Amino acid sequence: MAEKCTSIGGQAVIEGVMMRGKKIYAMAVRNPEGEIVIEKKEVGGLGKKGIFQYPVFRGMAAFLDSLVNGTKILMRSAEIAGEGWEEEELSSFEKWLTDKLGDKINDILIYFSVFLSLVLGMTLFFVLPVFIGNFFKTMVPAWGLGIIEGLLRIAIFLAYLWLISRMKEIQRVFQYHGAEHKTIACFESGKELTVENVRPCTRQHKRCGTSFLLFVMLISMVVFFFVRTDVFILRLITRICLVPFIAGISYEVLRWAGRSESLVVRILSAPGLYLQKLTTAEPDDMQIECAIAAMKGVLEDEPEE
């Protein structure tokens, strides 16, 4: 069968997979009884409205939407999978929050989680490299500081991925990540979505979030090479302020890579694909079934020829 390219993307969640189309997403999660629970919702967020319909800016919106929606989906998947915190007795502070905020507490927790993730991410991948790089400002010119920071940023990123990959819980999520990629690859190959057809497919994909993050690291190195200053506070401010711009460029590069098989694209995609060997793992058949159920859930509402 002829190969095709799809715009459907996905995300590994707790005991399941989410597949996202243009208008809706479908999440398939295995509950404690072993049944696959499928939930569908419209894709919310900034979308392609106003300035966010244009290149780079649409990448900024997609990045923010993925953080907010991804956190919501992750929390919901944990509920379906039966993590069991509902049965725990609430503390006095938790009871007070619930009484005061009511149903709004979930939204507040989600946005607080996103805010905390952004702060931690900025601190780890941008503030820390600038702080360490500051020790080299008397040894190298201003343009060299950008390169040093970039290398430190990549080193921290790789160390972070390696450390979390050692965690047993994360390993299981990485298996679902592999199931997600394999299912998309099977669909793009034109084969029927069955466990037997999905199993031998590749678990690397050019549009993966891992590749996106690596593009952010590499593109930031290029951008900061031209944004030169040896003043610590100015370097820190420019690095933080330019993150949305860098994310927007990285989105466009990833989008282009997903639609092209040129030699340049293959070279640019190679590091990210190789890194996915760390962030994906071979799934079992039950995990593949979840990924297939999520994919079919999207295709029911958004069939692709």
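Refer to the preceding data block for the structure.
Parameters at a glance
- Per chain, residues are indexed from 1 in the order of the written sequence.
- Reporting in this predicted model follows two pLDDT cut-offs: at least 70 for local features of residues, and 80 or more for side-chain atom pairs to be given and counted; totals over whole chains, interfaces and linings ignore these cut-offs and use all residues.
- Note that water and hydrogens are dropped before the side-chain values are worked out from all heavy atoms of the structure.
- Each helix is a run of H or I in the DSSP string that is no shorter than four residues. Each strand is a run of E no shorter than two, and both are numbered from the N terminus.
- Only protein chains enter the accessibility calculation, which uses a 1.4 Å probe; a residue whose area is less than 20% of its type maximum is buried, one above 50% is exposed, and one in between is partly exposed.
- Here, residues are in contact when the closest pair of their heavy atoms is within 4.5 Å.
- For every accessible area listed, the method is Shrake-Rupley and the probe measures 1.4 Å; residues are considered covered only by the protein chains on display.
- Between N or O atoms, a polar contact is any pair within 3.5 Å; within protein, one atom must be a potential hydrogen donor and the other a potential acceptor, and residues adjacent in sequence are included only when both atoms are from side chains.
- The salt bridge definition used is simple: a Lys or Arg side-chain nitrogen within 4 Å of an Asp or Glu carboxyl oxygen.

Asker: Kindly report on the overall build of the chain, identifying the contributing residues and their values.
Answerer: Across its full length, the chain holds eleven helices and four strands. Per-residue burial over the chain gives 41% buried out of 305 residues. Long-range pairs, those at least 24 residues apart, make up 70% of the contacts in the chain with a sequence separation of at least 6. About 16,700 Å² of surface is accessible on the chain, with carbon and sulfur atoms providing 64% of the total.

Asker: Can you tell me about the side chain of E39, naming the residues and giving the values?
Answerer: Within the secondary structure layout, E39 lies in strand β4 (residues 36-42). In terms of polar contacts, E39 uses its side chain to reach the side chain of R76, at 2.5 Å.

Asker: Talk me through the environment of F224; I want residue IDs and the actual numbers.
Answerer: Note on placement: F224 falls in helix α7 (residues 209-226). On the accessibility criterion, F224 (0% relative accessible area) is buried. With 82 residues separating them in the primary sequence, F224 and A142 have C-alpha atoms 10.0 Å apart.

Asker: Before we move on, could you go through unusual backbone geometry and cite the residues and values that matter?
Answerer: Non-glycine residue E15 carries a positive phi angle of around 55 degrees. Its place among the elements puts E15 in the loop between β1 (9-13) and β2 (16-20). Although it is not a glycine, V56 adopts a positive phi angle of roughly 75 degrees.

Asker: A description of the pattern of salt bridges should follow, citing residues and the corresponding values.
Answerer: Counted under the stated rule, the structure contains 15 salt bridges. Salt-bridge contacts for R76 lead to E79; the nearest nitrogen and oxygen are separated by 2.9 Å. In this pair, R76 and E79 are both assigned in helix α1 (residues 57-81), three residues apart and thus about one turn of the helix distant. Here R76 falls in the partly exposed class, since its relative accessible area comes to 33%. Of the residues examined, E79 reaches a relative accessible area of 34% and is grouped as partly exposed. Close ionic contact of E149 with R239 constitutes a salt bridge, the shortest N to O distance being 2.9 Å. Highlighted residues: E149 in helix α4 (residues 142-165) and R239 in helix α8 (residues 232-241), separated in sequence by 90 residues.

Coordinates in, geometry out; function isn't part of it.
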